[in-house]
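# Report on the structure
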Amino acid sequence: SPPPPNSYHCYCTLARLYTSCLHGTMRNSRVLKFLPFVVFVTLGLLLINCIISTNAKKPSNVARGTSVCLQRPLSAYPPTMSQRNVVVTAEASKEKKTWDFPRFIQTVATFNPLPSPRKLIEKAIGASDDERVVVGKNQDIWNAKNPLKIYWASLDDVVMGGVSRSTFVVGDEYARFSGFVDEANNGGFTGVRTLPLDRALDLSSATGLRLRVKGDGKRYKCVIRDSSDFNGVAWTIEYDVRDSLKRGGGPFGSNNWQTIDLPFSKFVATKYADTLTGESLDKSQIWAIQLVLSKYAYDGKLNRNFRPGEMELLVQSVSTY
């Protein structure tokens, strides 16, 4: 099952509290008194983490691209392949590596920007903006030409203390979502998410999302959110991509592009990869879209088609159908 909250989750919580304090200053100036406490505790935890990291015994790291040899158990029977995979995953999760705290802060700031003066005024007077971007059937939400001016940024496991890393680089014809998934520090996922939208996407008339991709043979997730709350309900669906990049043809081979339809009826309500019940998806207000490669499926179960290491997914378009 996923690891229990640790000091990295504390950093996450404190950073969100810091952002919430800034966002709430227009409504209640008394929240400012919490800022020194937040800064003090954050710096204290960071100092303790640095001391522990310095004094801790360094584990024996395994170089990328090398195989991991498992010690044969004392039992007379050799372990099965599934048992081997569990052991490798458990050992990799226990491995400790230096956490990139500045990248964590950068990620939090990217997805929790300070509100504009106009937004602050609207919030102070209680004004609401219900204007939405209506997206019809068979219409691109995103492609390389970016018709709706939607932008993406990496959201990796650094937010929970991990060391995985990814980028989303947009070219003339497609974007390249690539990086390295590392299970150290109880991590194990890379992802990209749309930056906060000024207006929600109204997908009421659509049946689902359609991805046009080329992949590396792994199982990915697509996540959408029907709330502007950063950590609200995450509507999730898994999908497998062919190993098109490895089998030749290059990124421009038209026969290698894969069209994947993701019906809204198959999206599962989750929070922190745990499934929820009693929720209903509001297609009329989609605030975020996310592409993820994670070692976890749902409810602590492992992704059967996950492999740590290099990952790559080319994205030509995200549209409706």
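You'll find the structure just up there.
Residues numbered from 1 in each chain as written. Predicted model: local features only at pLDDT ≥ 70, side-chain atom pairs only at ≥ 80, totals over all residues. Heavy atoms only, no water.

### Details of the sheet that holds strand β14 (residues 288-294)
On the basis of which strands lie adjacent, the open sheet formed by seven strands has the order β3-β6-β14-β9-β10-β12-β13 and antiparallel pairing. Here the strands that pair on one side only, and so sit at the sheet edges, are β3 (152-154) and β13 (274-275). Two elements, strand β12 (residues 268-271) and β13, share two bridges in a ladder whose sense is antiparallel. When the sheet's bridge partners are listed, K271 is paired in β13 with D274. (Pairing = 2+ DSSP bridges. Helix = DSSP H or I, 4+ residues; strand = E, 2+ residues; numbered from the N terminus.)

### Details of the environment of T207
For T207, the location among the structural elements is in the loop between β7 (201-202) and β8 (208-214). Placed 69 residues apart in sequence, T207 and N138 show a C-alpha to C-alpha distance of 9.8 Å. Here T207 is in contact with K137, P263, F264 and Y321, once residues within four sequence places are set aside. (Contact = heavy atoms within 4.5 Å.)

### Things to note about unusual backbone geometry
Despite not being glycine, N138 shows a phi value in the positive range, around 55 degrees. Looking at where N138 falls in the secondary structure, it is placed in the loop between β1 (133-134) and β2 (140-143). The phi angle at A273 is positive, at roughly 70 degrees, despite the residue not being glycine. If you trace the backbone, A273 turns up in the loop between β12 and β13.

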